[in-house]
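Remarks on the overall topology
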Amino acid sequence: MKKNIYLLIIACIILSIFSCKTDTKNNQNLVKEVTFTKEGELSLYTQKDSVSTPITTLDIEIADDDYQIQTGLMYRKSMQDKQGMLFIFPEEAPRSFYMKNTEFALDIIFINADNKIVSIQKNAIPLNEASLPSDGPAQYVLEVNAKLTDTWNLKAGDSISFSKL
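Residues numbered from 1 in each chain as written. Predicted model: local features only at pLDDT ≥ 70, side-chain atom pairs only at ≥ 80, totals over all residues. Heavy atoms only, no water.

1. Considerations on the pattern of salt bridges
One pass over the structure, following the stated rule, counts 8 salt bridges. Lysine 164 is the partner of aspartate 64 in a salt bridge, and the nearest nitrogen-oxygen pair spans 3.6 Å. Of this pair, aspartate 64 sits in the loop between β2 (51-63) and α3 (66-71) while lysine 164 is found in strand β7 (residues 159-164), placing the two residues 100 residues apart along the sequence. Owing to a relative accessible area of 40%, aspartate 64 belongs among the partly exposed residues under this scheme. Here lysine 122 makes a salt bridge to aspartate 150, at a shortest N to O gap of 2.5 Å. Taken together, the residues lysine 122 in strand β5 (residues 117-124) and aspartate 150 in helix α4 (residues 148-152) connect sequence positions 28 residues apart. Classification of lysine 122 by relative accessible area gives partly exposed; the value is 41%. Each of Lys38, Glu41 and Asp59 takes part in one network of salt bridges that share partners. (Salt bridge = Lys/Arg side-chain N within 4 Å of Asp/Glu carboxyl O. Helix = DSSP H or I, 4+ residues; strand = E, 2+ residues; numbered from the N terminus. Buried < 20%, exposed > 50% of the residue type's maximum accessible area, 1.4 Å probe, protein only.)

2. Digging into unusual backbone geometry
Positioned with a positive phi, leucine 127 is a non-glycine residue whose angle comes to about 65°. The topology assignment puts leucine 127 in the loop between β5 and β6 (132-145). Not every positive phi belongs to a glycine, and asparagine 153 is a case in point at roughly 60°. Here asparagine 153 shows up in the loop between α4 and β7.

Below, the structure is given as structure tokens:
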């Protein structure tokens, strides 16, 4: 009988040592939300009769290295209408983007080396991995919230200028 009690006590001690514990570290969300960081300003212009007329100015984040270009606006919940992300490539070439891990709809604006808009992919569907190509070579790509290009009446042939902070 004493032997059974000792075994029971030992079993209880062992179970208490190895029992499931609530680890507060494991319950925390380890993914930190990525927030917007202003790295420059970009202005959009419409071309009418050889005259450049300002449309709007945006605060921009700049993606100009491999990691930033691959990540873009992934894992973000939203972006303000006066913000955008400008992708800067070392050379002009046909470009194609997709919406993998991007949680909100975007307009994707392809811009050539002369800062002229080549084409626009409108209202890109969140999380969709379908290819969204440019209609011609582009050195820059600007991502803004979906439907803004319609609001601005932006079209191929319009232009941009930008400056880094």
